[in-house]
Amino acid sequence: MISNWKTPRGMSRRHFMNHMAGSTAAVSAAMTMGGAIAANADQMRRERKSAIMLWMGGGPPTIDLWDLKPGAPTGGPFQPISTSGDMQICEHLPMVAKQMHNLSVVRSMSTREADHNRGRYYMHTGFVPNPNIEHPSYGAVVAHELMSQRPELEIPPFVTVGGASAGPGFLGMAWSPFAVTSSGRIRNLDMKLDGSRLRQRMAALQEIESGFANRTRGLPAGEHGKVLKKTFDLMTSSQMEAFRVEKEDEKTKERYGTNGFGQGCLLARRLVEGGVPFVEVDLGGWDLHNNVHQTLSDTKLPQLDKAMSALVEDLEQRGLLQDTAIIWMGEFGRTPRINQNAGRDHWARSWSCVVGGAGIKGGLAVGETSSDGTAVESEPFSSEDLMATVCQGLGISLDTTFMSKNRRPMKIANGGKVISELVA
């Protein structure tokens, strides 16, 4: 669950978590976390943008979900069904179909990376992998740009649920993803110490921290201090209530699905409602080289259908969807050709992503592929274009330029163009 991701300057994720565990030993569980999410929750909800990424690790066969080719040799057995939007999708996504007026399918995604790791990096950052630089991911960029809207936020601004995400790159460790389970569990946070012992250990820890900063000057020491402060803020904040999925009633839990992805989507809604600007929820297991259609109809699509539809509907009913971007994607699609093992292999040339919320138009199918799905026949779109569209929906200026550690200017979303059909 916790990766060994490293900053450009060598501070590892494991080092951070070890440090966090040590610092946690100094903190009393007796410190009150009580109360609701925050007394000023209504104020927190106003004029805040957020994003939820539904990450489909492994590369889902989008030709079987969003861009069906019935009757074509490449089409497979699934049939299209009508939706509440102006498109058809897979018959095994009936509940999502009822929410498609809120979502749009980009059917002309055409990318260059058909390797899992490279595709994952590219779709998370908008940049192809480069050994000389580590680019910031969606979550780090969005959290970095939107935090000014919520100075009251004490919990991490970038949370990943049920799996690891891509890192913050040159933006620094303070913007790294905070990984939790789908139940919202955070390890090492409940140490059951009283206030007196807390103060003693805090003082000891500050002394240790000063020694660390003196020995390790520069970025790692500064970042370490930021992470430590965030850790203490997290452990003592009433906003921690947002992680407590178990407080939802059973009917709501069932609505999302009582599996990891379903509860992860429910947690994402709670976190966004609590002010977190970016949440990523992982649903892996899409590397379907074998038996693709049975796996889809028996397990993957029912799970996705229930959780994704509940999330979109719930956000809309709570008045959050207009400010919350939804991004559904994996690292690539899968081959139109069905292989000898009744599976589909890696394919980046023509595939689909789904977006909606936060001012992004719903109900549309943007772009076209050929009758057999092997080629894009309209304007192709890239990871950069999708990211630029999401950023614009979130009110993030596309003129934003970051400066990398080697002083190279980097335009946000790698200078991608907004998909004009999806914006007002």
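Counting starts from 1 at the beginning of each chain's written sequence and moves along it residue by residue. Local features in this predicted model are restricted to residues whose pLDDT is 70 or higher, and side-chain atom pairs enter the listing and the counts only when it is 80 or higher, whereas totals over whole chains, interfaces and linings include all residues. Side-chain numbers come from the whole structure's heavy atoms, not from hydrogens or water.

Draft legend 1. Representation of the packing of helix 4 (residues 116–125) against helix 11 (residues 383–393) in the model. Here an angle of 0 to 180 degrees is reported between the N-to-C directions of two axes, which are lines fitted to C-alpha atoms, with helices fitted over the stretch in contact. To qualify as a helix, a DSSP run of H or I must reach at least 4 residues; to qualify as a strand, a run of E must reach at least 2; elements of each kind are numbered from the N terminus. Here helix 4 crosses helix 11 at 30°, and the two axes come no closer than 8 Å. When the axis of helix 4 is compared with that of helix 11, the two are roughly parallel. Mapping the contact onto sequence places Tyr-122, Met-123, His-124 and Thr-125 in helix 4 and Ser-383, Glu-384 and Met-387 in helix 11. Under the convention adopted here, Pro, Cys and the residues Ala, Val, Leu, Ile, Met, Phe, Trp and Tyr are nonpolar, Asp, Glu, Lys and Arg are charged, and Gly plus all remaining residues are polar. Residue composition of the contact of helix 4 with helix 11, grouped by class: 3 nonpolar, 3 polar and 1 charged. When an angle is under 35 degrees it counts as roughly parallel; over 145 it counts as roughly antiparallel; between 65 and 115 it counts as roughly perpendicular; any other value is oblique. Only heavy atoms matter for contacts: two residues are in contact if any of them lie within 4.5 Å across the pair.

Draft legend 2. Region of the structure containing the sheet that holds strand 12 (residues 365–366). A pair of strands is treated as paired once DSSP finds two or more bridges between them. Within the open sheet, the 8 strands sit side by side as 6-5-7-1-8-11-4-12. Their pairing is mixed. Strands with a single pairing partner mark the edges of an open sheet, and in this sheet they are strand 6 (178–180) and strand 12. By the bridge criterion, 3 bridges tie strand 5 (residues 158–161) to strand 6 in an arrangement that is parallel. Bridge assignment links Thr-160 to a residue of strand 6, and that residue is Ala-179. Helix 4 contacts strand 1 (50–55), strand 4 (103–109), strand 7 (278–282), strand 8 (324–329) and strand 11 (351–356) of the sheet and is inclined by roughly 165° relative to strand 1.

Draft legend 3. View of the packing of aromatic side chains. Side-chain rings of Phe, Tyr and Trp, where Trp is taken by its six-membered ring, are said to pair if the distance between their centres is within 6.5 Å; with planes under 30 degrees apart they count as stacked, over 60 as edge-to-face, and otherwise as tilted. Enumeration according to the criterion identifies 4 aromatic pairs in this entry. Where Trp-66 meets Trp-328, the ring centres are 5.2 Å apart and the plane angle is 80°; that geometry is what we call edge-to-face. Taken as a pair, Trp-66 in the loop between strand 1 and strand 2 (80–82) and Trp-328 in strand 8 lie far apart in primary sequence, 262 residues in all. Neither residue differs from the other here; Trp-66 and Trp-328 are each classed as buried. With centroids separated by 5.5 Å and ring planes inclined at 90°, the aromatic side chains of Phe-158 and Phe-278 adopt a geometry described as edge-to-face. Here the residue Phe-158 occupies a position in strand 5, and Phe-278 occupies one in strand 7, the gap between them amounting to 120 residues. The pair Phe-158 / Phe-278 is uniform in exposure class, with both members buried. Throughout, exposure labels follow a simple rule: accessible area from a 1.4 Å probe, protein chains only, divided by the maximum for the residue type, with under 20% read as buried, over 50% as exposed, and the rest as partly exposed.

Draft legend 4. Summary view of the nonpolar core. Grouped together as the largest cluster of nonpolar side chains are 57 residues, with contacts concentrated most on Leu-54, Trp-66, Phe-243 and Leu-304. Counting residues per element, this core draws most heavily on helix 10 (residues 292–317), at 10 residues. Each nonpolar core is a collection of buried residues, namely Ala, Val, Leu, Ile, Met, Phe, Trp, Tyr and Cys, held together in the definition by side-chain atoms within 4.5 Å. Counting 44 residues, the second largest nonpolar core, distinct from the first, contains Met-53, Met-109, Ala-325 and Val-355.

Draft legend 5. Here's a closer look at the environment of Tyr-138. As for its placement among the helices and strands, Tyr-138 is situated in helix 5 (residues 138–146). When near neighbours in sequence (up to four residues on either side) are disregarded, Tyr-138 contacts Met-53, Met-123, His-124, Phe-278, Ile-327, Met-329, Leu-386, Met-387 and Val-390. Side-chain polar atoms of Tyr-138 contact the backbone nitrogen of Met-387, separated by 3.3 Å. Throughout this description, a polar contact denotes any pair of N or O atoms lying within 3.5 Å of each other; where both atoms belong to protein, one of them has to be capable of donating a hydrogen while the other can accept it, and for residues adjacent in sequence the pair is counted only when both atoms sit in side chains.

Draft legend 6. Focus on the packing of helix 9 (residues 260–273) against helix 10. Where helix 9 contacts helix 10, the axes come no closer than 9 Å and their chain directions differ by 15°. On the basis of their axis angle, the class for helix 9 and helix 10 is roughly parallel. The two elements helix 9 and helix 10 meet at a crossing, and its hand is right-handed. In contact with Phe-261, Gly-262, Cys-265 and Arg-269 of helix 9, helix 10 contributes Gln-303, Leu-304, Ala-307, Leu-311, Asp-314 and Leu-315. Within the contact of helix 9 with helix 10, the residues separate by chemical class into 6 nonpolar, 2 polar and 2 charged. Each crossing is labelled by how the near helix is turned from the far one, with a counterclockwise turn of less than a right angle marking it left-handed and a clockwise turn marking it right-handed.

Draft legend 7. Representation of helix 11 within the structure. With 10 of its 11 residues buried, helix 11 lies for the most part within the structure. By the burial criterion, the buried members of helix 11 are Ser-383, Glu-384, Asp-385, Leu-386, Met-387, Ala-388, Thr-389, Val-390, Cys-391 and Gly-393. Residues of helix 11 that are buried make contact with strand 4, helix 4, helix 5, strand 8 and strand 11. Directly beyond the C-terminal end of helix 11, a positive phi value near 80° is found at Gly-395.

Draft legend 8. Inspection of the pattern of salt bridges at higher detail. Within this document, salt bridges are pairs made up of a side-chain nitrogen of Lys or Arg and a carboxyl oxygen of Asp or Glu, the two lying within 4 Å of each other. Taken as a whole and judged by the stated rule, the model has 24 salt bridges. A salt bridge links Arg-48 to Glu-152; the shortest N-O distance between them is 3.7 Å. Remark: Glu-152 occurs in the loop between helix 5 and strand 5 and Arg-48 occurs in the loop between helix 2 (41–45) and strand 1; sequence separation between them is 104 residues. When the shortest N-O distance is used, the salt bridge between Lys-69 and Asp-67 registers 3.4 Å.

Draft legend 9. Geometry of the environment of Arg-349. Note on placement: Arg-349 falls in the loop between strand 10 (346–347) and strand 11. According to the relative accessible area criterion, Arg-349 is exposed, its value standing at 53%. Apart from the residues within four sequence positions on either side, Arg-349 is in contact with Met-109, Ser-110, Thr-111, Thr-374 and Val-376.

Draft legend 10. Representation of unusual backbone geometry. Here Ala-358, not a glycine, exhibits a phi torsion of approximately 50°, which is positive. Summarising the element assignment, Ala-358 is placed in the loop between strand 11 and strand 12. Classification of Ala-358 by relative accessible area gives buried; the value is 2%. Non-glycine residue Arg-407 carries a positive phi angle of around 65°. By the element assignment, Arg-407 lies in the loop between strand 13 (401–403) and strand 14 (409–411).

Draft legend 11. The arrangement of the side chain of Thr-111 in detail. Relative to the helices and strands, Thr-111 is located in the loop between strand 4 and helix 4. Judged by relative accessible area, which is 9%, Thr-111 ranks as buried. A distance of 3.1 Å separates polar atoms of two side chains, one belonging to Thr-111 and the other to Trp-351. Other than its neighbours up to four places away in sequence, Thr-111 contacts Tyr-122, Met-123, Ala-348, Arg-349, Trp-351, Ser-382 and Ser-383.

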